[in-house]
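Coordinates in review
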Amino acid sequence: MSGGFRRGREIQQDVAATADVVICGSGAGGSMAARELARSGLSVMVLEEGGDHTARDFTQREDEMIPALFQEMGGRRTEDLSVMILSGKGLGGSTVHNTNLCKRTAPEILTQWREDHGLRGISEQSMSPFFQRVEQDLGVVPIDPIRLNGNNQILKAGAEHLRYRGGMLSHNRDERCIGSGFCELGCAYDGKLNARRVLLPQAVEAGAIVYSDARVVRVLHDDGEARGVEGVLTDANGRSRAGIRIHTRTVCLAGSAIGSASIALRSGIHDPHSQIGKSLRIHPGAIISGVFDRVVESFRGIPQSYECTEFLDLSKGSNKRVWIIPSFAHPIGSSALTPGFGPALMRQMRNYPRTAVLAGMIHDETEGRVYLDGERTRIDYVPNAQDREQLALGARESARIFLAAGAREVMIPAVPPMYVRRESDLSQITAARFAPNDAKLTAVHPMGTLRMGADPHSSVVDERGRHHHLSGLYVVDGSLFPTSIGGPPQMSIYAFAMKVSGHVVQDMRARS
Ligand SMILES: Cc1cc2nc3c(=O)[nH]c(=O)nc-3n(C[C@H](O)[C@H](O)[C@H](O)COP(=O)(O)OP(=O)(O)OC[C@H]3O[C@@H](n4cnc5c(N)ncnc54)[C@H](O)[C@@H]3O)c2cc1C
Ligand code: SF4
């Protein structure tokens with residue numbers, strides 16, 4: 001099959017086709033699976049609901065880029081509106097607007113998956129070759145300390161002053177990165193070695209056909225076997241223009257933990273133990289801003305390059321589950337989190353050049369749920385008491401780091417906002433302030449919902465990513481994870497997608 005990119009918005013008529021494999025979604029997991037499966041000689045089709053955005057389209061304007069690149073135009077929230085969840089839409093998925101941090105899955109997490117979820121073949125050793133290949137493919141290197149921007153320097157200075165553990169991170173950018181600071185709005189300089197730039201062109205070169213503006217509605221199946229997918233081709237605003245139906249015997253779900261669960265739920269797949277959509281984890285994070293007397297210009301340079309891991313212990317039962325990283329936003333995002341209206345908001349925003357922001361993201365134990373309400377996908381997620389303690393710990397320690405770095409004032413957006421000017425103010429930051437719709441929470445790492453496990457009573461797919469009840473259905477994205485991973489997920493998703501792709505090829509050869 002000769003490969004290519006096809007834009008659904010330019011197609012007027014219904015499409016019907018046959019392939020060996022169809023992949024639903026083209027983010028970290030979907031792009032890796034597309035490349036691996038196409039390179040193994042299978043005919044592969046990818047259907048991606050968002051558009052095809054590349055460097056020339058990235059205008060560096062929040063009002064244009066957020067609606068174009070994010071699910072629900074950037075307005076996705078949990079059912080009670082208390083957590084904003086950002087995830088991507090478009091070829092390359094969330095890798096197009098992410099901040100390029102790269103870390104392998106921690107050995108402690110892999111051990112828990114093996115011991116608690118029966119994933120016997122998963123260990124640091126067995127996953128190492130996959131991580132090595134991903135790091136090579138995506139050019140993962142440590143960030144040069146010379147590239148620490150103002151926001152990251154403040155985190156480093158505060159953490160070092162307090163003797164907190166921390167260090168430089170690794171990333172997948174190349175020499176085209178000029179440190180513009182616009183990562184979350186797409187890179188106009190094409191400096192990111194993300195799924196759209198690296199993997200999808202390789203998949204197409206190996207013969208894959210990749211549709212943008214193509215939303216999968218459901219998986220087709222009968223007699224316990226996958227038969228393909230059906231969906232719609234849309235215009236640039238997501239409105240349906242034509243139908244698309246792909247006949248295959250193998251379907252890979254790669255729509256992210258929220259999108260893949262929605263497709264599975266809509267498809268009426270046999271789910272005797274009601275596992276589909278359960279166990280959602282999101283790494284929710286509190287936002288903490290610090291105002292300094294000097295100009296910081298956090299909006300310039302590589303947004304995230306230094307981490308504080310003093311309160312991050314990923315071993316089972318740990319009560320230190322906080323990952324502290326810089327988290328600066330552009331003006332619209334910042335003003336949305338700044339308290340006050342009119343002149344009061346204007347006064348606060350005048351501090352924008354002197355402001356630094358941290359996020360205390362938690363390795364969450366709360367299990368949320370994705371479910372359908374008619375046609376709408378809903379997300380039920382309310383942090384439990386232990387996770388609220390962790391959110392408070394993250395906010396308190398981030399505020400302490402700011403004070404140690406010389407902040408004049410620290411603010412935690414909440415109702416009412418919490419202000420910290422001296423150490424004694426830190427005691428007001430308690431778990432009670434992390435009840436729903438008090439302190440503002442954001443999340444950018446949806447995981448779980450179609451999790452791996454040996455026991456079909458408590459999981460959706462097996463260790464090979466294969467659905468327990470529907471032959472020919474696989475999961476290749478962040479939905480696979482049995483628990484939160486407590487760090488940036490893209491490397492883990494790329495590596496597990498690569499691993500599952502190998503099993504898909506073996507299974508298909510065995511079937512034919
Ligand atoms: C602002 C931000 C910053 C981040 N920074 C980092 C970072 O620095 N490091 C890191 O490791 N991770 C980061 N992440 C997270 C990381 O990018 C994601 O965890 C990862 O990309 C998820 O991979 P995935 O394959 O599960 O889903 P995604 O990459 O989200 O891809 C899913 C794709 O499926 C498509 N889709 C959904 N439903 C359908 C459907 N019905 N039909 C067709 N297509 C569908 C979506 O449009 C999307 O393109 C960040 C995320 C955000 C939002
Ligand atoms: S910081 Fe680098 S990778 Fe990010 S948008 Fe700017 S040039 Fe691109």
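Preceding block: the structure.
These numbers come from a predicted model, not from an experiment.

1. Regarding the pattern of salt bridges
- Inspection of every chain in the model, using the stated rule, returns 37 salt bridges.
- Of the charged contacts, one joins Arg376 and Glu72 as a salt bridge, the two residues approaching to 3.9 Å between their closest N and O atoms. Residue Arg376 is located in strand 20 (residues 376-380), and its partner Glu72 is located in the loop between helix 2 (62-69) and strand 5 (83-85); the two are separated by 304 residues in the primary sequence.
- Among the ionic contacts, a cluster of salt bridges with common partners joins Arg35, Glu36, Arg133 and Asp137.

2. Re unusual backbone geometry
- The peptide bond linking Val415 to Pro416 adopts the cis configuration, its omega dihedral lying at -5 degrees.
- Of note, Pro416 is situated in the loop between strand 21 (409-412) and strand 22 (418-420).
- For Met73, which is not a glycine, the phi torsion comes out positive at approximately 55 degrees.

3. Concerning the site of ligand 2
- Around ligand 2 sit Arg173, Cys177, Ile178, Gly179, Ser180, Gly181, Phe182, Cys183, Cys187, Tyr189 and Lys192, and that is every residue in its neighbourhood.
- When grouped by side-chain class, the residues that make up the shell around ligand 2 number six nonpolar, three polar and two charged.

4. Brief notes about the packing of aromatic side chains
- What the rule picks out here adds up to seven aromatic pairs.
- Relative to Phe496, the ring of Phe481 has its centre 6.1 Å away and its plane inclined at 65 degrees; by these criteria the two rings are edge-to-face. Taken together, the residues span a long stretch of sequence, with Phe481 in the loop between strand 24 (473-475) and helix 11 (490-511) and Phe496 in helix 11 at a distance of 15 residues.
- Residue classification places Phe496 among the buried residues on the basis of a relative accessible area of 1%.
- Ring-pair connections join several aromatic residues into one group, and the members of that group are Trp113, Phe481 and Phe496.
- When the ring centre of Phe5 is taken as origin, the NZ or CZ atom of Arg196, which lies over that ring, is 4.4 Å away.
- A cation over a ring is seen here: Arg369 above Tyr371, with NZ or CZ 4.3 Å from the ring centre.

Criteria and cut-off values
Residues numbered from 1 in each chain as written. Chains lettered and ligands numbered in written order. Predicted model: local features only at pLDDT ≥ 70, side-chain atom pairs only at ≥ 80, totals over all residues. Heavy atoms only, no water. Salt bridge = Lys/Arg side-chain N within 4 Å of Asp/Glu carboxyl O. Helix = DSSP H or I, 4+ residues; strand = E, 2+ residues; numbered from the N terminus. Near = heavy atom within 4 Å. Nonpolar A, V, L, I, M, F, W, Y, C, P; charged D, E, K, R; others polar. Phe/Tyr/Trp six-rings, centres within 6.5 Å; stacked < 30°, edge-to-face > 60°. Buried < 20%, exposed > 50% of the residue type's maximum accessible area, 1.4 Å probe, protein only. Lys NZ or Arg CZ within 6 Å of the ring centre and 35° of its normal.

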